[in-house]
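The residues making up each chain are set out below.
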Amino acid sequence: MRFSSSIVFALPALALAQEQVPLADKIKGWLSQAQSFVSSAVPSVPSSPVDAGAAKVAEHVETSLTLENWQSVLSADPSATTAGPEDFMVYITGGNKTCYGVCDHADKAWNDSVALLSASPSAPKFAVLNCENEPILCNAWAVGPPSIYYISIPHALADQSAPAPLAYYIPLNRTSVTASEITAISTKETYKTNAPYEGIWHPFSGLIAQYQLGMPIGYVLWGFSKMPSWLPMILISFFSRSFM
Ligand SMILES: *[C@@H]1O[C@H](CO)[C@@H](O)[C@H](O)[C@H]1NC(C)=O
Ligand SMILES: *[C@@H]1O[C@H](CO)[C@@H](O)[C@H](O)[C@H]1NC(C)=O
Ligand SMILES: *[C@@H]1O[C@H](CO)[C@@H](O)[C@H](O)[C@H]1NC(C)=O
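Read on for a plain summary of the structure. The shown structure was predicted, so the numbers you read here are calculated from the model rather than taken from an experiment.

A separate point is helix H4 (residues 104-117). Its 14 residues place the ends of H4 20 Å apart at the C-alpha level, agreeing with the 20 Å of an ideal helix rising 1.5 Å per residue. Looking only at H4, the buried set comprises Ala106, Ala109, Trp110, Asp112, Ser113, Val114 and Leu117.

Pasting the structure below:
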(Lines give C-alpha, C1' and ligand atoms only; values in the text may rest on other atoms or scores of the structure.)
(Ligands and ions follow the chains in the order given, each with its own letter.)
Protein backbone atom coordinates (compact mmCIF):
# COMPACT_ATOMS: atom_id res chain seq x y z
CA MET A 1 0.00 0.00 0.00
CA ARG A 2 2.69 2.40 1.09
CA PHE A 3 4.81 1.30 -1.86
CA SER A 4 2.12 1.81 -4.47
CA SER A 5 1.08 5.20 -3.14
CA SER A 6 4.65 6.42 -3.17
CA ILE A 7 4.87 5.35 -6.77
CA VAL A 8 1.74 7.25 -7.52
CA PHE A 9 3.29 10.33 -5.97
CA ALA A 10 6.60 9.76 -7.66
CA LEU A 11 5.14 9.51 -11.14
CA PRO A 12 4.22 13.16 -11.67
CA ALA A 13 7.60 14.20 -10.30
CA LEU A 14 9.25 11.83 -12.74
CA ALA A 15 7.21 13.18 -15.60
CA LEU A 16 8.15 16.65 -14.52
CA ALA A 17 11.84 15.75 -14.39
CA GLN A 18 11.66 14.25 -17.86
CA GLU A 19 9.96 17.30 -19.16
CA GLN A 20 12.41 19.63 -17.53
CA VAL A 21 15.05 19.44 -20.22
CA PRO A 22 12.82 20.36 -23.11
CA LEU A 23 11.11 22.90 -20.87
CA ALA A 24 14.42 24.58 -20.10
CA ASP A 25 15.15 24.61 -23.79
CA LYS A 26 11.73 26.02 -24.48
CA ILE A 27 12.23 28.78 -21.95
CA LYS A 28 15.59 29.59 -23.46
CA GLY A 29 13.91 29.73 -26.86
CA TRP A 30 11.20 32.03 -25.54
CA LEU A 31 13.75 34.26 -23.90
CA SER A 32 15.78 34.71 -27.03
CA GLN A 33 12.59 35.26 -28.99
CA ALA A 34 11.47 37.86 -26.50
CA GLN A 35 14.90 39.44 -26.66
CA SER A 36 14.72 39.71 -30.42
CA PHE A 37 11.28 41.32 -30.12
CA VAL A 38 12.57 43.75 -27.54
CA SER A 39 15.69 44.69 -29.46
CA SER A 40 13.74 45.12 -32.68
CA ALA A 41 11.20 47.25 -30.82
CA VAL A 42 13.67 49.41 -28.92
CA PRO A 43 14.83 51.66 -31.78
CA SER A 44 11.21 52.67 -32.39
CA VAL A 45 10.37 53.27 -28.73
CA PRO A 46 12.04 56.66 -28.21
CA SER A 47 9.60 58.73 -30.19
CA SER A 48 11.22 59.96 -33.36
CA PRO A 49 10.77 63.61 -34.39
CA VAL A 50 8.18 62.42 -36.92
CA ASP A 51 6.07 60.71 -34.23
CA ALA A 52 6.34 63.66 -31.91
CA GLY A 53 5.32 65.93 -34.77
CA ALA A 54 2.37 63.72 -35.65
CA ALA A 55 1.15 63.71 -32.06
CA LYS A 56 1.43 67.51 -31.98
CA VAL A 57 -0.58 67.91 -35.15
CA ALA A 58 -3.17 65.43 -33.90
CA GLU A 59 -3.47 67.36 -30.67
CA HIS A 60 -4.30 70.56 -32.55
CA VAL A 61 -6.77 69.31 -35.12
CA GLU A 62 -8.78 66.75 -33.19
CA THR A 63 -11.47 67.31 -30.59
CA SER A 64 -11.98 65.03 -27.62
CA LEU A 65 -15.59 63.90 -27.39
CA THR A 66 -17.34 63.88 -24.04
CA LEU A 67 -20.88 63.17 -22.89
CA GLU A 68 -21.49 66.91 -22.84
CA ASN A 69 -19.92 68.07 -26.09
CA TRP A 70 -20.37 65.28 -28.65
CA GLN A 71 -23.64 66.59 -30.05
CA SER A 72 -22.26 70.07 -30.63
CA VAL A 73 -18.94 68.80 -31.99
CA LEU A 74 -20.55 66.34 -34.37
CA SER A 75 -22.81 68.77 -36.17
CA ALA A 76 -22.77 70.45 -39.54
CA ASP A 77 -21.49 74.01 -39.41
CA PRO A 78 -24.39 76.16 -40.68
CA SER A 79 -21.98 78.80 -42.01
CA ALA A 80 -20.07 76.29 -44.14
CA THR A 81 -19.94 77.20 -47.81
CA THR A 82 -19.85 73.66 -49.16
CA ALA A 83 -23.16 72.10 -50.00
CA GLY A 84 -22.05 68.53 -49.33
CA PRO A 85 -22.31 66.79 -45.99
CA GLU A 86 -19.71 67.48 -43.34
CA ASP A 87 -17.60 64.45 -42.56
CA PHE A 88 -16.13 63.50 -39.23
CA MET A 89 -13.69 60.75 -38.41
CA VAL A 90 -14.10 59.71 -34.80
CA TYR A 91 -11.28 57.57 -33.49
CA ILE A 92 -12.34 55.38 -30.59
CA THR A 93 -9.51 54.43 -28.30
CA GLY A 94 -8.96 53.23 -24.77
CA GLY A 95 -6.41 52.49 -22.11
CA ASN A 96 -5.54 49.70 -19.72
CA LYS A 97 -9.10 48.92 -18.75
CA THR A 98 -11.00 49.45 -21.97
CA CYS A 99 -8.36 48.43 -24.51
CA TYR A 100 -6.34 46.09 -22.27
CA GLY A 101 -3.44 48.48 -22.73
CA VAL A 102 -2.90 47.49 -26.36
CA CYS A 103 -4.21 50.54 -28.20
CA ASP A 104 -0.79 52.21 -28.49
CA HIS A 105 -0.10 50.80 -31.91
CA ALA A 106 -3.46 51.96 -33.26
CA ASP A 107 -3.04 55.33 -31.47
CA LYS A 108 0.20 55.92 -33.30
CA ALA A 109 -1.28 54.90 -36.65
CA TRP A 110 -4.17 57.28 -36.00
CA ASN A 111 -1.86 60.17 -35.04
CA ASP A 112 0.24 59.64 -38.16
CA SER A 113 -2.77 59.52 -40.45
CA VAL A 114 -4.34 62.60 -38.88
CA ALA A 115 -1.08 64.45 -39.52
CA LEU A 116 -1.14 63.28 -43.15
CA LEU A 117 -4.84 63.86 -43.76
CA SER A 118 -5.07 67.25 -42.12
CA ALA A 119 -2.79 68.67 -44.81
CA SER A 120 -5.52 68.05 -47.38
CA PRO A 121 -8.23 70.68 -47.92
CA SER A 122 -10.83 67.97 -48.37
CA ALA A 123 -9.97 66.33 -45.06
CA PRO A 124 -12.80 65.38 -42.73
CA LYS A 125 -12.86 66.79 -39.21
CA PHE A 126 -11.22 64.70 -36.52
CA ALA A 127 -12.47 63.70 -33.11
CA VAL A 128 -11.30 61.22 -30.50
CA LEU A 129 -13.44 59.26 -28.09
CA ASN A 130 -11.40 57.76 -25.29
CA CYS A 131 -13.47 55.01 -23.66
CA GLU A 132 -11.22 55.11 -20.60
CA ASN A 133 -12.41 58.65 -19.87
CA GLU A 134 -15.88 58.38 -21.43
CA PRO A 135 -17.17 54.90 -20.61
CA ILE A 136 -20.80 56.03 -20.61
CA LEU A 137 -20.64 57.44 -24.13
CA CYS A 138 -18.84 54.32 -25.42
CA ASN A 139 -21.53 52.13 -23.87
CA ALA A 140 -24.32 54.34 -25.15
CA TRP A 141 -22.97 53.95 -28.69
CA ALA A 142 -22.02 50.29 -28.11
CA VAL A 143 -18.55 50.88 -29.53
CA GLY A 144 -15.20 49.50 -28.45
CA PRO A 145 -11.59 50.48 -29.14
CA PRO A 146 -9.74 50.58 -31.41
CA SER A 147 -12.21 51.59 -34.08
CA ILE A 148 -13.33 54.49 -36.22
CA TYR A 149 -16.79 55.93 -36.65
CA TYR A 150 -16.92 57.76 -39.98
CA ILE A 151 -19.89 60.09 -39.68
CA SER A 152 -21.27 62.09 -42.57
CA ILE A 153 -23.60 64.87 -41.47
CA PRO A 154 -25.74 66.59 -44.11
CA HIS A 155 -26.51 70.27 -43.85
CA ALA A 156 -30.04 71.30 -43.06
CA LEU A 157 -32.17 71.72 -46.19
CA ALA A 158 -33.84 74.98 -47.16
CA ASP A 159 -36.93 73.99 -45.16
CA GLN A 160 -34.71 73.42 -42.09
CA SER A 161 -35.23 69.67 -42.14
CA ALA A 162 -31.97 67.76 -41.94
CA PRO A 163 -31.49 64.34 -43.52
CA ALA A 164 -30.21 61.70 -41.05
CA PRO A 165 -26.43 61.52 -40.69
CA LEU A 166 -24.76 58.43 -42.10
CA ALA A 167 -22.47 56.55 -39.73
CA TYR A 168 -19.98 53.93 -40.86
CA TYR A 169 -18.42 51.82 -38.12
CA ILE A 170 -14.93 50.52 -38.89
CA PRO A 171 -13.28 48.25 -36.32
CA LEU A 172 -9.48 48.39 -36.50
CA ASN A 173 -7.13 45.47 -36.01
CA ARG A 174 -5.21 46.49 -32.92
CA THR A 175 -2.05 44.64 -33.96
CA SER A 176 -1.92 45.16 -37.69
CA VAL A 177 -3.65 48.48 -38.45
CA THR A 178 -1.44 50.92 -40.37
CA ALA A 179 -1.53 54.65 -40.92
CA SER A 180 -2.06 54.13 -44.65
CA GLU A 181 -5.10 51.97 -43.93
CA ILE A 182 -6.60 54.73 -41.79
CA THR A 183 -5.67 57.40 -44.32
CA ALA A 184 -7.38 55.41 -47.07
CA ILE A 185 -10.65 55.48 -45.11
CA SER A 186 -10.89 59.11 -46.13
CA THR A 187 -8.73 59.49 -49.25
CA LYS A 188 -9.95 56.31 -50.99
CA GLU A 189 -13.33 56.39 -49.26
CA THR A 190 -12.85 52.84 -48.02
CA TYR A 191 -15.43 53.56 -45.35
CA LYS A 192 -17.98 53.01 -48.09
CA THR A 193 -17.03 49.34 -48.44
CA ASN A 194 -19.53 48.50 -45.73
CA ALA A 195 -23.08 49.77 -45.60
CA PRO A 196 -23.68 52.56 -43.09
CA TYR A 197 -24.73 51.34 -39.69
CA GLU A 198 -28.47 51.62 -39.20
CA GLY A 199 -29.04 49.59 -36.06
CA ILE A 200 -30.53 50.63 -32.77
CA TRP A 201 -27.21 52.04 -31.45
CA HIS A 202 -26.81 54.61 -34.24
CA PRO A 203 -25.74 57.78 -32.34
CA PHE A 204 -28.24 60.00 -34.18
CA SER A 205 -31.10 58.02 -35.65
CA GLY A 206 -31.02 54.67 -33.84
CA LEU A 207 -33.97 53.62 -31.73
CA ILE A 208 -31.95 54.22 -28.57
CA ALA A 209 -31.07 57.77 -29.62
CA GLN A 210 -34.63 58.53 -30.74
CA TYR A 211 -36.00 57.59 -27.35
CA GLN A 212 -33.03 59.24 -25.62
CA LEU A 213 -32.18 55.98 -23.90
CA GLY A 214 -28.50 56.15 -24.79
CA MET A 215 -27.32 57.72 -21.58
CA PRO A 216 -29.42 55.58 -19.18
CA ILE A 217 -28.34 52.42 -21.02
CA GLY A 218 -24.77 53.65 -21.06
CA TYR A 219 -24.89 54.02 -17.30
CA VAL A 220 -26.46 50.58 -16.79
CA LEU A 221 -23.90 48.82 -19.02
CA TRP A 222 -21.10 50.75 -17.36
CA GLY A 223 -22.48 49.67 -13.97
CA PHE A 224 -22.41 46.02 -15.09
CA SER A 225 -18.82 46.42 -16.22
CA LYS A 226 -17.94 47.80 -12.79
CA MET A 227 -19.65 44.91 -11.02
CA PRO A 228 -17.17 42.40 -9.60
CA SER A 229 -17.37 39.11 -11.50
CA TRP A 230 -18.46 37.12 -8.45
CA LEU A 231 -21.53 39.25 -7.85
CA PRO A 232 -23.74 37.76 -10.61
CA MET A 233 -22.95 34.26 -9.27
CA ILE A 234 -24.06 35.22 -5.79
CA LEU A 235 -27.19 36.90 -7.11
CA ILE A 236 -28.07 33.93 -9.32
CA SER A 237 -27.60 31.45 -6.51
CA PHE A 238 -29.57 33.69 -4.20
CA PHE A 239 -32.48 33.99 -6.62
CA SER A 240 -32.51 30.33 -7.62
CA ARG A 241 -32.52 29.34 -3.95
CA SER A 242 -35.39 31.60 -3.10
CA PHE A 243 -37.38 30.21 -6.05
CA MET A 244 -36.83 26.58 -5.00
C1 LIG B 1 -1.23 60.63 -30.22
O2 LIG B 1 -1.49 62.03 -30.08
C3 LIG B 1 -1.99 62.42 -28.83
C4 LIG B 1 -2.23 63.91 -28.85
O5 LIG B 1 -3.19 64.23 -29.76
C6 LIG B 1 -1.00 62.09 -27.73
O7 LIG B 1 -1.55 62.41 -26.47
C8 LIG B 1 -0.69 60.60 -27.77
O9 LIG B 1 0.31 60.31 -26.83
C10 LIG B 1 -0.24 60.18 -29.16
N11 LIG B 1 -0.10 58.73 -29.16
C12 LIG B 1 0.92 58.09 -29.73
C13 LIG B 1 0.95 56.61 -29.56
O14 LIG B 1 1.78 58.69 -30.35
C1 LIG C 1 -1.21 50.70 -17.75
O2 LIG C 1 -0.55 49.50 -17.44
C3 LIG C 1 0.87 49.57 -17.54
C4 LIG C 1 1.43 48.18 -17.30
O5 LIG C 1 0.68 47.46 -16.41
C6 LIG C 1 1.39 50.60 -16.52
O7 LIG C 1 2.78 50.71 -16.64
C8 LIG C 1 0.75 51.95 -16.81
O9 LIG C 1 1.14 52.90 -15.83
C10 LIG C 1 -0.76 51.84 -16.81
N11 LIG C 1 -1.34 53.09 -17.26
C12 LIG C 1 -2.35 53.69 -16.63
C13 LIG C 1 -2.81 54.97 -17.21
O14 LIG C 1 -2.89 53.21 -15.64
C1 LIG D 1 -5.25 41.14 -36.89
O2 LIG D 1 -4.05 41.03 -37.62
C3 LIG D 1 -3.27 39.92 -37.23
C4 LIG D 1 -1.95 40.00 -38.00
O5 LIG D 1 -2.14 40.36 -39.33
C6 LIG D 1 -4.04 38.65 -37.53
O7 LIG D 1 -3.27 37.53 -37.14
C8 LIG D 1 -5.34 38.68 -36.74
O9 LIG D 1 -6.11 37.53 -37.06
C10 LIG D 1 -6.12 39.93 -37.07
N11 LIG D 1 -7.26 39.98 -36.17
C12 LIG D 1 -8.50 40.18 -36.59
C13 LIG D 1 -9.56 40.23 -35.54
O14 LIG D 1 -8.76 40.31 -37.77
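For the rest of this paragraph, the subject is the site of ligand 3. Near ligand 3 the following residues occur: Asn173, Thr175 and Ser176. With respect to ligand 3, the side chain of Asn173 contributes an N or O atom lying 2.3 Å from an oxygen atom. The side chain of Ser176 places a nitrogen or oxygen atom 3.2 Å from an oxygen atom of ligand 3. Computed on the free molecule, ligand 3 has an accessible area of 360 Å², of which 22% lies beneath the protein chains in the complex.

Summed over the entire model, instances satisfying the criterion amount to eight aromatic pairs. Judged by centre distance (5.2 Å) and plane angle (85°), the rings of Trp70 and Trp141 are edge-to-face. Here Trp70 is found in helix H3 (residues 70-73), whereas its partner Trp141 is found in helix H5 (residues 135-141), with 71 residues between them in sequence. In this structure, Trp70 and Trp141 share a single accessibility class: buried. With a centroid separation of 5.8 Å and 80° between ring planes, the pair formed by Trp141 and Tyr149 is classed as edge-to-face.

Glancing now at the site of ligand 1. Lining the immediate environment of ligand 1, one finds Ala55, Ala58, Glu59, Glu62, Asp104, Asp107, Lys108 and Asn111. Glu62 is positioned with one of its side-chain polar atoms (N or O) 3.2 Å from an oxygen atom of ligand 1. Between ligand 1 and the protein, one listed contact pairs an oxygen atom with a side-chain N or O atom of Asn111 at 2.4 Å. When isolated, ligand 1 has an accessible area of 370 Å², and the protein chains bury 58% of it. Counting only elements with at least two residues in the shell around ligand 1, the list comes to helix H2 (49-61) and H4. The leading source of residues in the shell around ligand 1 is H4, at four residues. Here the residues of the shell around ligand 1 sort into two nonpolar, one polar and five charged.

Cut-offs used in this document
- All residue numbers here refer to positions counted from 1 along the written sequence of the relevant chain.
- Written order determines the labels here, with chains lettered from A and ligands numbered from 1.
- Predicted model: local features are reported for residues with pLDDT of at least 70 only, side-chain atom pairs are reported and counted for 80 or more only, and whole-chain, interface and lining totals are derived from all residues.
- Side-chain measures here rest on the full set of heavy atoms in the structure, leaving out hydrogens and waters.
- Strands are runs of DSSP state E lasting at least 2 residues, helices are runs of H or I lasting at least 4, and numbering of each runs from the N terminus.
- To estimate how far a helix should extend, the number of its residues minus one is multiplied by 1.5 Å.
- Categorising residues by exposure relies on relative accessible area from a 1.4 Å probe, with only protein chains included: less than 20% of the type maximum marks a residue as buried, more than 50% marks it as exposed, and the intermediate range marks it as partly exposed.
- Neighbouring residues are identified by heavy atoms, a residue being near a molecule or strand if any of them is within 4 Å of it.
- In the analysis that follows, any N or O atom pair within 3.5 Å is treated as a polar contact, provided that within protein one partner can donate a hydrogen and the other can accept it, and provided that, for residues neighboring in sequence, both atoms belong to side chains.
- Accessible surface area values rest on a Shrake-Rupley calculation with a 1.4 Å probe, where residue burial reflects the displayed protein chains alone.
- Two rings from Phe, Tyr or Trp (for Trp, the six-membered ring) form a pair when their centres sit within 6.5 Å of each other. Planes less than 30 degrees apart are called stacked, planes more than 60 degrees apart edge-to-face, and all others tilted.
- Only Asp, Glu, Lys and Arg are considered charged in this grouping, and only Ala, Val, Leu, Ile, Met, Phe, Trp, Tyr, Cys and Pro are considered nonpolar; every other residue, Gly among them, is considered polar.

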